[in-house]
Amino acid sequence: MKVYYSLYSQMLNINALYEGFKKVYRAKGAAGIDGQSLSDYAENLEKNLKQLQHELQTKQYKPQPVKRVEIPKDDGGVRLLGIPAVRDRIVKQTLLNILQPIFDREFHPSSYGYRPGESCHDAISKATVFIRKYDREWVVDMDLSKCFELLDHEIFIRSAKRRVTDGSILNLIKQFLCSGVMVLGSKRKR
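Bear in mind the structure is a predicted one, so any value in this text is a computation, not a measurement. (Residues numbered from 1 in each chain as written. Predicted model: local features only at pLDDT ≥ 70, side-chain atom pairs only at ≥ 80, totals over all residues. Heavy atoms only, no water.)

One finds Met11, Leu56, Ile90, Leu99, Ile169 and Leu172 to be the most contacted residues of the largest nonpolar core, which totals 32 residues. Of all elements in the fold, only α1 (8–11), α2 (14–27), α3 (38–43), α4 (45–57), α5 (86–103), α8 (153–161) and α9 (167–177) reach the threshold of two or more residues within this core. By residue number, the principal contributor to this core is α5, which donates 8 residues. Once residues within four sequence positions are removed from consideration, Ile90 is found in contact with Leu17, Gly20, Phe21, Val24, Tyr41, Leu49 and Leu52. (Core = buried A, V, L, I, M, F, W, Y, C linked by side-chain atoms within 4.5 Å. Buried < 20%, exposed > 50% of the residue type's maximum accessible area, 1.4 Å probe, protein only. Helix = DSSP H or I, 4+ residues; strand = E, 2+ residues; numbered from the N terminus. Contact = heavy atoms within 4.5 Å.)

Okay, structure coming up:
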């Protein structure tokens, strides 16, 4: 298994940050707790990305808490979403662009969530193949309640350390895990 020791310099590349911004911009999304929209950020894009680059380079970057939003579910409950600030989404996307090629190849071939080139339609197709090939009669659809909120950060970091030993990258991941949630004007742990 290959271990990656030095990745943080890729975070400091202005072109990598710009690529992160382009993906965030295409995905759209609402403003975070700072109220800054994607179009507001884009108005001074070069200046904003250079500021972000400087903060990452000098290790002054700190992610803001995410904005808590409640989305109604069909069953009457609510799904809690966290909306990061635009600048934090750019850093997260840039980090994802660096880490995804490292970790994605280790995922189970039947894993479809949050993976590039995979969709719910692919999962349905695979389930259909299994039903027909193995004469199955049932498909189970699961949604783990509060999965990300209950995830043990230390287990996650230990797992990441098996492939990535760059302390600056690991610290950035920890910062995102501990950035908190803003609920009714009050910061809470998540």
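What follows concerns the sheet that holds strand β1 (residues 66–72). Ordered by their spatial adjacency, 4 strands build an open sheet running β2-β1-β3-β4, and the pairing between neighbours is mixed. Edge positions in the open sheet fall to β2 (78–83) and β4 (186–188), since each of these has one partner strand only. Direction aside, the axes of adjacent strands within the sheet are offset by 45 degrees on average. In this structure, β1 lies alongside strand β3 (residues 181–183), joined through 2 bridges in parallel fashion. From the neighbouring strand, Val66 faces β3, where its bridge partner is Val181. (Pairing = 2+ DSSP bridges. Axes fitted to C-alpha atoms, helices over the stretch in contact; angles between N-to-C directions.)

Each regular strand shows side chains that alternate between the opposite faces of the sheet. In terms of strand pairing, β1 meets β2 through 6 bridges, oriented antiparallel. Opposite Pro72, over in β2, you have Val78 as the bridge partner. What sits between β1 and β2 in their antiparallel hairpin is a turn of 5 residues, with Gly76 showing a positive phi close to 100 degrees.

Attention now moves to α5. Given a rise of 1.5 Å per residue, 18 residues ought to cover 26 Å, and the 25 Å separating the end C-alpha atoms of α5 matches this to within 8%. Taking burial as the measure, the 18 residues of α5 include 14 buried ones, the bulk of the element. (Expected span 1.5 Å × (residues − 1).)

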